[in-house]
There are 2 protein chains.
Amino acid sequence: MLDIAILGLLEEGELHGYEIRRRLRAQLGILANVSFGSLYPALNRLKNAGAIEATEVRSSPPRERPPAPLTGSISGERAVFKARRRSLPKERRSRKVYRITDEGRRLFTELMQGGDSEDSRTFGLRLAFARHLTPSARLGLLERRRARLVERLNDARSAARDDSLDTYARSVMEHNADEVEHDISWLDQLIANERLVPATATPTRHDDG
Amino acid sequence: MLDIAILGLLEEGELHGYEIRRRLRAQLGILANVSFGSLYPALNRLKNAGAIEATEVRSSPPRERPPAPLTGSISGERAVFKARRRSLPKERRSRKVYRITDEGRRLFTELMQGGDSEDSRTFGLRLAFARHLTPSARLGLLERRRARLVERLNDARSAARDDSLDTYARSVMEHNADEVEHDISWLDQLIANERLVPATATPTRHDDG
DNA sequence: GTCATCATGTAAGCCGTTACATGATTGC
DNA sequence: GCAATCATGTAACGGCTTACATGATGAC
């Protein structure tokens, strides 16, 4: 799961570990608590697998390119209040800037599609990076998830009907089922939207116009 | 988490490992995939900790009491198609029947309250066994969870406002936030209900009337 | 000069998984 | 006798966490 997140972030530009973690916390609430103890080993694993490359950037670097592209719009708001005290985010110390490789891109699309998204967190993560998939792969992701949820809805509903459950347990089961149902209709909307916009717009870029 | 589930199930009667797993799958959709590889070690851990006691029951046992109460309704549907072929679940081979101890009950209430329920699965599990808590402990559980969710709602909402997100990522964030909101109003209902029924009814028993 | 932040890592451990090993009983 | 179900366990491993260790830089 971490691998998907890392590769997904690196698809959009090179980043160093600390920054990856910051984005994980800010952007994906899903992986809010990811720790360095799992992040750095994951980066090394991916590097050894040839999925990413690292460049050591020293304090006064050749400045080939800004290490963190920052996507133009820095999305003011929250980011600012943290960076307020120092006016410029100048380079602080040597860091390792990671860049995705072709192998990494291959691995990424493989991970994005492989093994039907078990839990909602994994699926949420995948969907969050779905712009990097082809339209058909994206549709497949959504439909596989939907099928999975329909199964789970049956289980949840019949579990909720169990007479032997007391108020509290039944409430949990019913709430569970409701949530799954809600998820399904959300997916239906997403799927409908996919079919409406077959290949017309590239809805992914926000700053290329 | 497994420990809570085991102790919670044993609060209602003695069971053997295989049956515990069956119930985990059927009743709590939450722990549907728990495997023997984690269940049996967990049982031994709890036994060593003095939280549960084991009795070896042989094929033709003293029959002190039916080892698996089975709660009457087997919640038909899915369970049946598996158990169809043999008419009666008579004792098959020697099993270890586990019974909760006083220490186990103490541990159970401790686990039920300790560490504010991080994720929804842990909370769902706790709430499913909430009938074993005192009314005030139950209320505390609900209110701590609610407070936690309110925090998360703030994070989720501000994450969803992030301009730099594309359609898919934003959809995930918004859906996330909606779900948290839905959870909160569910909790509000549960809390209101707790306050309405201070100690009047014991809503827990289903088969004593 | 001290604290907060930025930055990278290692070690130990928890909690769960899959795969493997064993064996009794029942139905066909 | 063979397969399925019931029943209990061990071994190896995976992924993530916490705690620990290190060190540079900027703000006050």
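Remember, it's a predicted structure, so these values are computed and weren't measured experimentally.

Basis of the calculations
- Residues numbered from 1 in each chain as written.
- Chains lettered and ligands numbered in written order.
- Predicted model: local features only at pLDDT ≥ 70, side-chain atom pairs only at ≥ 80, totals over all residues.
- Heavy atoms only, no water.
- Pairing = 2+ DSSP bridges.
- Helix = DSSP H or I, 4+ residues; strand = E, 2+ residues; numbered from the N terminus.
- Contact = heavy atoms within 4.5 Å.
- Axes fitted to C-alpha atoms, helices over the stretch in contact; angles between N-to-C directions.
- Phe/Tyr/Trp six-rings, centres within 6.5 Å; stacked < 30°, edge-to-face > 60°.
- Buried < 20%, exposed > 50% of the residue type's maximum accessible area, 1.4 Å probe, protein only.
- Lys NZ or Arg CZ within 6 Å of the ring centre and 35° of its normal.
- Buried area = accessible area lost by both parts, 1.4 Å probe.
- Salt bridge = Lys/Arg side-chain N within 4 Å of Asp/Glu carboxyl O.
- Parallel < 35°, antiparallel > 145°, perpendicular 65-115°, else oblique.
- Left-handed = near helix turned anticlockwise from the far one by under 90°.
- Nonpolar A, V, L, I, M, F, W, Y, C, P; charged D, E, K, R; others polar.

**Observations regarding the sheet that holds strand β2 (residues 52-57) of chain B**
Residues and elements named next belong to chain B.
Phase 1 of the analysis: Spatially, the three strands line up as an open sheet ordered β1-β3-β2, and their pairing is antiparallel. Every interior strand has two partners, whereas the edge strands, β1 (15-16) and β2, have only one.
Phase 2 of the analysis: On top of the sheet, helix α3 (residues 36-48) reaches β2 and β3 (95-100); it is set at about 115° to β2, its chief contact.

**A few points about the packing of aromatic side chains**
All names here are of chain A.
Phase 1 of the analysis: As enumerated under the stated definition, the model contains eight aromatic pairs over all chains in all.
Phase 2 of the analysis: Between F36 and Y40, the aromatic rings sit 5.6 Å apart at their centres with planes inclined by 20°, giving stacked as the arrangement. A residue pair is termed a helical-turn pair when its members lie 3 or 4 positions apart in one helix, as F36 and Y40 do in helix α3 (residues 36-48) at four residues.
Phase 3 of the analysis: Aromatic pair F123 and W186: ring centres 6.2 Å apart, planes at 85°, arrangement edge-to-face. Here the residue F123 occupies a position in helix α6 (residues 120-128), and W186 occupies one in helix α8 (residues 167-196), the gap between them amounting to 63 residues. Here F123 matches W186 in class, with each residue buried.
Phase 4 of the analysis: Against the face of F36 rests R21, its NZ or CZ located 4.3 Å from the ring centre.

**A look at the interface of chain A and chain B**
Phase 1 of the analysis: Facing the 41 residues of chain A at the interface are 42 residues of chain B.
Phase 2 of the analysis: Roughly 3,600 Å² of surface becomes buried between chain A and chain B when both sides are summed, with 57% attributable to carbon and sulfur atoms.
Phase 3 of the analysis: The largest share of the area that chain A buries against chain B comes from A:S164, A:Y168 and A:H175, three residues that together contribute 19% of it.
Phase 4 of the analysis: In this assembly, chain A and chain B are joined by two salt bridges.
Phase 5 of the analysis: Here A:R131 and B:D166 are joined by a salt bridge, their closest N and O atoms 2.6 Å apart.

**What about the packing of α8(A) against helix α8 (residues 167-196) of chain B?**
Phase 1 of the analysis: α8(B) packs onto α8(A) with a crossing angle of 155° between their chain directions and a minimal axis gap of 11 Å. As far as their axial angle goes, α8(B) and α8(A) are roughly antiparallel. Regarding α8(A) and α8(B), the two cross each other, and that crossing is right-handed. Judged by residue contacts, A:Y168, A:S171, A:V172, A:H175, A:D178, A:E179, A:H182, A:D183, A:W186, A:L190 and A:E194 of α8(A) engage B:Y168, B:S171, B:V172, B:H175, B:D178, B:E179, B:H182, B:D183, B:W186, B:L190 and B:E194 from α8(B).
Phase 2 of the analysis: Across the contact of α8(A) with α8(B), the residue classes tally to eight nonpolar, six polar and eight charged.

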